[in-house]
Amino acid sequence: MKLTRRTLTKALASASLTGLLPAAAFAQNKIVLGFAQVGAESEWRTANTESIKSSAAAAGIDLKFSDAQQKQENQIKAIRSYIAQKVDVIAFSPVVETGWDTVLLEAKAAKIPVVLTDRSVNSKDTSLYVTFMGSDFIEEGRKAGKWLVEKMKDNKGPINIVELQGTVGSAPAIDRKKGFEEIIKADPKFKITRSQTGDFTRAKGKEVMEAFLKADKNINVLFAHNDDMAIGAIQAIEEAGLKPAKDITIISIDAVKGAFEAMIAGKLNVSVECSPLLGPQLMSAVKDIKAGKSLPKRIVTEEGIFPMEVAAKEFPSRKY
Ligand code: AHR
């Protein structure tokens, strides 16, 4: 029998099945994906990590996973280690938009395709990655702005808005702010009076909201770039003796289960959906890349918006 890659694979598979070879040896034929995650900063991120891990297992892809603890240097280190390990594909969700060209050029030189998930990079050279799959963050900001404009249509203003921004320099923080401002600027009664980063975490959301409340008795609306910061801020609002969602209208983004619980409790007015369930799409893209198929440069996730009035009805079907 001629020894080709195919006959060798078959022989290894049956040796593995009959116990003559450890399964790990046969597993060497699996596609290897190196994934450099941002961190574990939010409920959203936890759901995203779970989606990637479970989809890789279901797709039979060998996943190498690292958590960068929201530090760009850690993500760069992880990507370099995947290059050194000669993985088949690298995927990552860039913590910030800029500063990736050097390491992406290294991946390109090593002929390892790169997929961006969730967040994109701000690079002129789009040949540095195969595709970017994830939400349209500008549109999420617009949805938040449109909801507010409608909600306040009979209010003459002024309407003072405080903003809890996501991680400085990250795509969702930049784009959600942009989309929201684009909508509210049409009416001068809306004014963003304070804006600071809460780094997408509950703890920082609470801390920054406490500072806003101490400095300012005139807050009508809170726009939080994610649910975790809104949930932290709700605590600060209650501790200041105010009623969240009544004394201060609260808008956030993600639509995680924690936000639905807050809406059902009457403490959050609305959450714009941002889906973290990118795992299945990523695994099929990885397989397509390995099969030599071409992919669209941008794959946009479809999302909705959930005001508190529909929260109880929608909650049972929420997957994250
Ligand atoms: O990049 C997606 C954002 O990152 C989510 O809105 C936020 O919760 C997460 O940490």
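One structure accompanies this document, and this report is about it. Small disclaimer: the values here were computed from a predicted structure and weren't measured.

With respect to the sheet that holds strand E6 (residues 159–165)
- Ordered in space as E7-E6-E8-E9-E10-E12, the six strands form an open sheet in which the pairing is mixed. Here the strands that pair on one side only, and so sit at the sheet edges, are strand E7 (190–197) and strand E12 (305–307). Strand-to-strand twist of the sheet, defined as the mean angle between neighbouring strand axes without regard to direction, takes the value 15°.
- Judged from the four bridges that link them, E6 and strand E8 (residues 221–224) form a sheet pairing that is parallel. Opposite Leu164, over in E8, you have Ala224 as the bridge partner.
- Sitting on the sheet, helix H8 (residues 202–215) touches E6, E7 and E8, and the angle it makes with E6 is about 150°.

Section: the packing of H8 against helix H9 (residues 227–239)
- As a packed pair, H8 and H9 sit with axes 7 Å apart at the nearest point and diverge in direction by 40°. If you check the angle between H8 and H9, you find them oblique. For the pair H8 and H9, the sense of crossing is right-handed. Seen from H8, the contacting residues are Arg202, Gly205, Lys206, Met209, Glu210 and Leu213; seen from H9, they are Asp228, Met229, Ile231, Gly232, Ala233, Gln235, Ala236, Ile237 and Glu239.
- Partitioned by chemical class, the residues of the contact of H8 with H9 number seven nonpolar, three polar and five charged.

A closer look at helix H10 (residues 257–264)
- Three or more residues of H10 are buried, namely Gly258, Ala259, Phe260, Ala262 and Met263.
- Here the buried face of H10 lies against helix H3 (43–59), H9, strand E10 (270–273), E12 and helix H12 (308–314).
- One or two positions beyond H10, positive phi appears at Gly266, with a value near 80°.

Some details on the pattern of salt bridges
- As enumerated under the stated definition, the model contains 22 salt bridges in all.
- Salt-bridge contacts for Arg142 lead to Glu182; the nearest nitrogen and oxygen are separated by 2.8 Å. Within this pair, whereas Arg142 is found in helix H6 (residues 137–151), its partner Glu182 is found in helix H7 (residues 171–184), the two being separated by 40 residues in sequence.
- For Glu182, a relative accessible area of 34% translates into the label partly exposed.
- Note that Asp199 and Lys204 form a salt bridge whose closest N and O atoms lie 3.7 Å from each other.
- Ionic contacts of the salt-bridge type, sharing partners, join the residues Glu41, Arg45, Asp118 and Arg119 into one network.

What about the sheet that holds strand E1 (residues 32–37)?
- Read across the sheet, six strands follow the order E2-E1-E3-E4-E5-E11 without closing on themselves; strand pairing throughout is parallel. The sheet terminates laterally at strand E2 (62–67) and strand E11 (298–300), the two strands that pair on one side only. In this sheet, adjacent strand axes meet at a mean angle of 20° when their direction is disregarded.
- As defined by bridge partners, strand E3 (residues 89–92) adjoins strand E4 (residues 114–117) across three bridges and the pair is classed as parallel. For Ile90, the partnering residue across the bridge sits in E4 and is Val114.
- Sitting on the sheet, helix H4 (residues 72–84) is in contact with E1, E2 and E3, with an inclination near 170° to E1.

Regarding the packing of aromatic side chains
- Tallying each qualifying case throughout the model produces five aromatic pairs.
- Ring plane angle 20° and centroid distance 4.0 Å describe the contact between Phe180 and Phe223, whose orientation is recorded as stacked. Of this pair, Phe180 sits in helix H7 while Phe223 sits in strand E8, and the two are 43 residues apart along the sequence.
- Of the residues examined, Phe223 reaches a relative accessible area of 0% and is grouped as buried.
- By way of ring pairs, the aromatic residues Phe260, Phe306 and Phe315 are connected into one cluster.

A word on helix H11 (residues 279–290)
- Its 12 residues place the ends of H11 17 Å apart at the C-alpha level, agreeing with the 16 Å of an ideal helix rising 1.5 Å per residue.
- Of all the positions in H11, only Gly279, Leu282, Met283, Ala285, Val286 and Ile289 are classed as buried. One side of H11 holds all its buried residues, which, seen down the axis, span an arc of 160°.
- For H11, the elements touching its buried residues are E1, H3, E3, E4 and strand E5 (131–134).
- Immediately beyond the C-terminal end of H11, within one or two residues, lies Gly292, with a positive phi of roughly 80°.

Side note on the packing of H3 against H11
- Where H3 contacts H11, the two axes come as close as 8 Å, and the packing angle between them is 45°. Taken as axis vectors, H3 and H11 run oblique relative to one another. At the point where H3 passes H11, the crossing takes the right-handed sense. Along the contact surface, H3 presents Ser51, Ile52, Ser55, Ala56 and Ala59, while H11 presents Gly279, Pro280, Leu282, Met283 and Lys287.
- Looking at the contact of H3 with H11 residue by residue, the classes come out as six nonpolar, three polar and one charged.

Rules of the game
Throughout, residues of each chain are indexed from 1 in the direction in which the sequence is written. The predicted nature of this model means local features are confined to residues of pLDDT at least 70 and side-chain atom pairs, given and counted, to a pLDDT of 80 or more, with totals for whole chains, interfaces and linings taken over all residues. To get the side-chain values, take all heavy atoms of the structure and skip hydrogens and water. Following DSSP output, two strands are said to pair if at least two bridges run between them. Secondary structure elements follow DSSP: runs of H or I of four or more residues count as helices, runs of E of two or more count as strands, with numbering from the N terminus. Axes here refer to lines fitted to C-alpha atoms; in helices the fit is confined to the stretch in contact. Angles between the N-to-C directions go from 0 to 180 degrees. We call two residues in contact whenever any of their non-hydrogen atoms come within 4.5 Å of each other. Each angle is binned into one of four classes, with values under 35 degrees roughly parallel, values over 145 roughly antiparallel, values of 65 to 115 roughly perpendicular, and all other values oblique. Two helices cross in a left-handed way if the nearer one is turned anticlockwise from the farther one by less than a right angle. They cross in a right-handed way if the turn is clockwise. Under the grouping applied here, Gly and all other residues not named as nonpolar or charged are polar, the nonpolar ones being Ala, Val, Leu, Ile, Met, Phe, Trp, Tyr, Cys and Pro and the charged ones Asp, Glu, Lys and Arg. Partly exposed residues are those whose accessible area sits between 20% and 50% of the maximum for their type, while under 20% is buried and over 50% is exposed, using a 1.4 Å probe and protein chains only. What makes a salt bridge here is a side-chain nitrogen of Lys or Arg within 4 Å of a carboxyl oxygen of Asp or Glu, nothing more. Pairing of aromatic side chains requires ring centres within 6.5 Å, counting the rings of Phe and Tyr and the six-membered ring of Trp. Pairs whose planes differ by under 30 degrees are stacked, by over 60 edge-to-face, and all others tilted. The length a helix should cover is 1.5 Å for every residue beyond the first. Arc definition: directions from the helix axis to the C-beta atoms.

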